Amino acid sequence: MSDTKPSVIFVCVHNAGRSQMAAGYMTHLSQGRVEVRSAGSMPADQINPAAVEAMLEEGIDIRKEQPKVLTPEAVQASDAVITMGCGDACPYYPGKRYEDWKLEDPAGQGVEAVRPIRDDIRGRVEALLADLLA
């Protein structure tokens, strides 16, 4: 592994649910070994309260996070770009690792509906983390 730690950006349209949960898991599970970003093509005003509640159940607090706008600079600064339904709004740069995770959108759903999405995200983040640190 190189001297620099790997970096990842999680991207979804509103940067309020899926990408925030993924970033929360990666930050928690990597214990500082991965630089983590999240952003959205059309950021919401706040993080989805059901996503916050679902992550708190896992002992991960994302309440202080704010949806951020996706910038070309953030993508360029990341080794891996994980999209979750932002489609063509996500800039493409050669040499970056791109993955598109097909995940149900938690917007407008209660915590009961968000839990399975959260659990799916955790499994994907664990696999990505293992690969990034290999």
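Summary of the structure given here. Fair warning: this is a prediction, and the values are worked out from it, not measured in the lab.

Before going further, it helps to examine the pattern of salt bridges. This model, assessed by the stated rule, comprises 13 salt bridges. Close ionic contact of Arg18 with Asp105 constitutes a salt bridge, the shortest N to O distance being 3.9 Å. Of the two residues, Arg18 is situated in helix α1 (residues 18-30) and Asp105 in the loop between β4 (97-100) and α4 (111-132); the sequence distance between them amounts to 87 residues. Here Arg18 falls in the buried class, since its relative accessible area comes to 8%. In this structure, Arg118 and Asp119 form a salt bridge, with 2.9 Å as the shortest nitrogen-oxygen distance. When its relative accessible area of 42% is taken as the criterion, Asp119 is described as partly exposed. Here the residues in one salt-bridge network are Glu57, Arg115, Arg118 and Asp119, joined through shared partners.

Here we take up unusual backbone geometry. In the Ramachandran plot, Asn15 falls in the positive-phi region, its phi being about 50° despite a non-glycine side chain. A positive phi angle, close to 50°, is found at Gln31, a residue other than glycine.

By the criterion of burial, strand β1 (residues 7-11) is predominantly enclosed, with five of the five residues buried. Where burial is concerned, the two faces of β1 agree: the one with Ser7, Ile9 and Val11 and the one with Val8 and Phe10 are both buried. Pairing of β1 with strand β2 (residues 35-39) involves five bridges; the strand directions are parallel. Across the sheet, Val11 pairs through a bridge with Ala39, a residue of β2. The handedness of the β1 to β2 crossover, carried by α1, is right-handed. In this structure, β1 lies alongside strand β3 (residues 80-83), joined through four bridges in parallel fashion. Its bridge partner being in β3, Phe10 is matched across the sheet by Ile82.

Parameters and conventions
- Residues numbered from 1 in each chain as written.
- Predicted model: local features only at pLDDT ≥ 70, side-chain atom pairs only at ≥ 80, totals over all residues.
- Heavy atoms only, no water.
- Salt bridge = Lys/Arg side-chain N within 4 Å of Asp/Glu carboxyl O.
- Helix = DSSP H or I, 4+ residues; strand = E, 2+ residues; numbered from the N terminus.
- Buried < 20%, exposed > 50% of the residue type's maximum accessible area, 1.4 Å probe, protein only.
- Pairing = 2+ DSSP bridges.
- Right-handed = clockwise from strand over helix to strand, strands pointing away.

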